[in-house]
Amino acid sequence: MECVFGLVGKGFAIVAADTSAVNSILVHKSNEDKVMVLDSHKLLGASGEPGDRVQFTEYIQKNVHLYQFRNGIPLTTAATANFTRGELATALRKNPYSVNILLAGYDKGVGPSMYYIDYIATMHKIEKGAFGYGSYFCLSMMDRLYHPDMSIEEAIDLIDKCIIEIRTRLVVAPPNFVIKIVDQDGAREYAWRESIKSPDVSMA
């Protein structure tokens, strides 16, 4: 029931994801952040088995940092996408990760870009994309309303429409979503869309 989706606008890229940690019929938490800030200008939205998702995304993040530390320059978004795809392809023949990824970034002189990488190491450069059951609704909504020169306000409005559609139509819909953005000013959290607040439980 996970859902990760995103799009590229005029000078920026946005990635949104549900924040539910679910096992079978149980919801363990509703504030799990599934969109990782890889470095100053990259976002990594991931869905899949929780253990694989956390382990693999942290592995990619640390290797991106290691490359920058060793060489003094950061990997481009395209290079990061190819590295991520290569690691998934290598693992596919040994101990595969059940992880689907939307990688968004901003490169000076290139602008924003987004890459779709699935669990069998398929990679495509895209302008809009989604994973999970929510993708059935997001992709049709984006096909109708998306255009490449969207402003941030228009893109957020489209993201909100996708969230409303998921909540309305998906039988087991995740209640909360996190939205992050990357542009020339860097990668950062933009907003949360919450319909359920996680309780503050203290074991006093």
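A brief look at the structure comes next. (Residues numbered from 1 in each chain as written. Predicted model: local features only at pLDDT ≥ 70, side-chain atom pairs only at ≥ 80, totals over all residues. Heavy atoms only, no water.)

1. Observations regarding the pattern of salt bridges
Across all of its chains, the model carries twelve salt bridges by this definition. Here Glu-2 makes a salt bridge to Lys-34, at a shortest N to O gap of 2.8 Å. In this pair, Glu-2 sits in the segment before strand S1 (3–8) while Lys-34 sits in the loop between strand S4 (26–29) and strand S5 (35–39), placing the two residues 32 residues apart along the sequence. According to the relative accessible area criterion, Lys-34 is buried, its value standing at 3%. Of the charged contacts in the structure, one is a salt bridge between Arg-193 and Asp-160, with a shortest N-O distance of 2.7 Å. Linking Arg-193 in strand S12 (residues 186–193) with Asp-160 in helix H4 (residues 152–169), this pair joins segments that are 33 residues apart in sequence. In this structure Arg-193 comes out as partly exposed when scored by relative accessible area, which is 23%. (Salt bridge = Lys/Arg side-chain N within 4 Å of Asp/Glu carboxyl O. Helix = DSSP H or I, 4+ residues; strand = E, 2+ residues; numbered from the N terminus. Buried < 20%, exposed > 50% of the residue type's maximum accessible area, 1.4 Å probe, protein only.)

2. Some points on the sheet that holds strand S2 (residues 12–18)
Taken together, the five strands give an open sheet; going across it, the order is S10-S1-S2-S11-S12, and neighbouring strands pair in antiparallel fashion. Looking along the sheet, the strands with just one partner apiece sit at the ends: strand S10 (128–132) and S12. Between one strand axis and the next, the sheet turns by 15° as a mean value, whatever way the strands run. In this structure, S1 lies alongside S2, joined through five bridges in antiparallel fashion. Within S2, the position partnered with Val-4 by the bridge is Ala-17. (Pairing = 2+ DSSP bridges. Axes fitted to C-alpha atoms, helices over the stretch in contact; angles between N-to-C directions.)

3. Overview of the packing of helix H1 (residues 50–71) against helix H2 (residues 77–92)
Packed helix pairs are characterised by how far apart their axes lie and by the angle those axes make with each other. At a minimum axis separation of 11 Å, H1 and H2 run at an interaxial angle of 135°. Viewed along their axes, H1 and H2 adopt a mutual orientation that is oblique. In this structure, H1 meets H2 at a crossing whose hand is right-handed. Touching Phe-56, Tyr-59, Ile-60, Asn-63 and Val-64 of H1 are Thr-80, Phe-83, Thr-84, Glu-87 and Leu-88, all from H2. For the contact of H1 with H2, the residue count by class is six nonpolar, three polar and one charged. (Parallel < 35°, antiparallel > 145°, perpendicular 65-115°, else oblique. Left-handed = near helix turned anticlockwise from the far one by under 90°. Contact = heavy atoms within 4.5 Å. Nonpolar A, V, L, I, M, F, W, Y, C, P; charged D, E, K, R; others polar.)

4. Details of the sheet that holds strand S8 (residues 111–117)
Across the sheet, which stays open at both edges, the five strands sit in the order S5-S6-S7-S8-S9 with antiparallel pairing between neighbours. One side of each edge strand has no neighbouring strand; the edge strands of this open sheet are S5 and strand S9 (123–126). Within the sheet, the average angular offset between the axes of one strand and its neighbour, ignoring direction, is 25°. Bridge count for strand S7 (residues 99–107) against S8 is seven bridges, and the pairing is antiparallel. In the sheet register, Leu-103 faces S8, and the bridge partner there is Tyr-115. Of the strands in this sheet, S5, strand S6 (42–48) and S7 touch H1, which is tilted by about 15° from S5.

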